[in-house]
Structure formats: structure tokens, C-alpha cells
Amino acid sequence: MVLVVFAKIISFLRLSDITEHYLYLVCYRLRENKTAYLTQSKHHMAKFIKEFKEFAMRGNVIDMAVGVVIGAAFGKIVSSLVDDLIMPLVGVATGGINFTDYKWVVQKAVMDGSEIIKPEVTLNWGTWIQTIVNFLIVAFCIFVMIKFINQLSKKKEEAPAPDPEPTQEEVLLTEIRDLLKSQQK
């Protein structure tokens with residue numbers, strides 16, 4: 001069935017005689033070796049799926065995926081912090097300036113009455129400053145978080161678990177052992 005459709009596509013494309021002959025030859029060989037080819041393809045696909053499953057189920061990949069999702073959510077929180085809390089305060093401190101409105105106009109808009117024929121070309125440096133502030137806040141938060149995690153891991157390494165106190169039975173057995181050793185001498 002597939003080969004018939006393939007042959008109709010070849011005739012529809014009106015390829016040169018040499019190309020058409022070559023493609024028919026390929027179709028004929030595929031038909032002859034169809035079962036061997038399909039078996040080999042299934043084997044390769046099964047091997048590929050197995051390798052992918054091993055890769056995807058490793059702890060590092062799943063941890064990385066969770067980190068990406070949490071990082072995206074954290075990025076939204078930081079963006080809201082900067083856009084809604086920090087930058088308005090900076091704007092008040094600088095006299096009511098909204099940094100996102102700052103831009104350099106490279107080319108003014110071409111207008112025909114109220115219709116814009118060609119929009120203005122601008123360099124939005126205020127938005128760029130706001131993005132830098134976003135980055136600095138994210139970098140600082142990550143630095144603090146990693147520093148905190150490192151301190152926790154140092155405390156775990158520094159404080160090894162103390163040896164448990166021997167039970168009363170162990171104390172008595174140790175005394176008996178010591179007495180037997182002293183009697184043998």
C-alpha cells in the first residue's frame with residue numbers, strides 16, 4: 001500500500017526518467033527486504049526507547065526538571081518583586097520616574113494623520129535597567145540560598161553522631177571479660 005502511494009507521488013512529481021527509475025528501484029528493494037528492514041527498525045527503536053528511559057529516569061535529570069520548574073516560578077516572583085515593589089520605590093526616590101518609560105528614539109514614527117505608517121525605532125534602556133535589577137536580585141537570592149545550604153552541610157559534617165552509651169548488659173559483659181582475662185594471667 002505504501003509503495004503504491006509512493007509510486008503515485010513519483011508520477012505526480014514528474015521527475016526525470018533517471019530519478020524515477022532510481023526511486024522505483026528503491027521501492028522494489030524495500031518491498032523485497034521489507035520484513036528484514038522492519039525487524040531491524042523495531043530493534044533500533046526499542047534500543048533507543050530503552051536508552052531514553054534510562055536517561056530520563058536518572059536522578060539528575062528529574063532533579064534538573066524540578067529545578068527548572070521551580071526556577072521559572074521563582075523568576076515570576078522576583079519579577080513581581082522588582083516590578084511592583086522595588087522599582088516604584090526607586091521611581092519615588094528619583095522623583096516619580098518610571099524606568100520602563102525611558103528610551104532613546106533612534107528614528108521617529110512616520111504618521112499620516114492618526115495612522116502610523118512606520119513605528120518608531122527605540123532603544124529601551126529603562127527596561128534594560130529593570131532587567132539588570134531583576135538579575136541582581138535573583139543572583140543575590142541564589143547566593144544566599146547556596147550559602148545557607150553549604151552551612152547546613154558543614155554542620156552535618158562537623159557534628160558526627162556520638163557513640164551510644166553501652167547498655168547495662170554490655171557493661172556487665174565487659175567486666176566479666178576483663179575478670180576472666182585477669183584470672184588467666
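Residues numbered from 1 in each chain as written. Predicted model: local features only at pLDDT ≥ 70, side-chain atom pairs only at ≥ 80, totals over all residues. Heavy atoms only, no water.

### Quick word on the overall build of the protein
Item 1. The helix and strand tally for the protein stands at 6 helices and 4 strands.
Item 2. The linear arrangement of helices and strands in the protein, starting from the amino end, is α-α-α-α-β-β-β-β-α-α.
Item 3. Counting only contacts in the protein whose residues sit at least 6 apart along the sequence, the fraction spanning at least 24 positions is 37%.
Item 4. When the accessible surface of the protein is split by element, carbon and sulfur atoms take 66% of a total near 16500 Å². (Helix = DSSP H or I, 4+ residues; strand = E, 2+ residues; numbered from the N terminus. Contact = heavy atoms within 4.5 Å. Areas by Shrake-Rupley, 256 points an atom, 1.4 Å probe, with all protein chains shown as cover.)

### Examining the pattern of salt bridges
Item 1. One pass over the structure, following the stated rule, counts 2 salt bridges.
Item 2. Of the charged contacts in the structure, one is a salt bridge between K103 and E120, with a shortest N-O distance of 3.2 Å. Highlighted residues: K103 in the loop between α4 (59-93) and β1 (104-107) and E120 in the loop between β3 (115-118) and β4 (121-123), separated in sequence by 17 residues.
Item 3. E120 sits in the partly exposed class, given a relative accessible area of 35%.
Item 4. The salt bridge partner of R177 is D178, with a shortest N-O separation of 3.4 Å.
Item 5. Using a relative accessible area of 39% as the deciding quantity, one classes D178 as partly exposed. (Salt bridge = Lys/Arg side-chain N within 4 Å of Asp/Glu carboxyl O. Buried < 20%, exposed > 50% of the residue type's maximum accessible area, 1.4 Å probe, protein only.)

### Some thoughts on the nonpolar core
Item 1. Counting residues in each nonpolar core, the largest one holds 5 residues, listed as V78, V82, M87, F99 and I137.
Item 2. If you tally residues by element for this core, the top one is α4, at 3 residues.
Item 3. When residues no more than four places from it in sequence are discounted, the contact partners of V82 are M87, P88, Q130, V133, N134 and I137. (Core = buried A, V, L, I, M, F, W, Y, C linked by side-chain atoms within 4.5 Å.)

### What to know about the confidence of the model for the protein
Item 1. The predicted model of the protein averages 75 in pLDDT, with 71% of residues at 70 or higher.
Item 2. Summarising per-element confidence for the protein, the mean pLDDT is lowest in helix α1 (residues 2-13) (53) and highest in β4 (92). (pLDDT = per-residue confidence, 0-100.)

### Let's talk about the packing of aromatic side chains
Item 1. With the rule as written, the count across this model stands at 2 aromatic pairs.
Item 2. With centroids separated by 4.8 Å and ring planes inclined at 15°, the aromatic side chains of Y102 and W125 adopt a geometry described as stacked. Of this pair, Y102 sits in the loop between α4 and β1 while W125 sits in helix α5 (residues 125-158); the two residues are 23 residues apart in sequence, bridging distant segments of the chain.
Item 3. Ring pairing ties together the aromatic residues Y102, W104 and W125, which thus form one cluster. (Phe/Tyr/Trp six-rings, centres within 6.5 Å; stacked < 30°, edge-to-face > 60°.)

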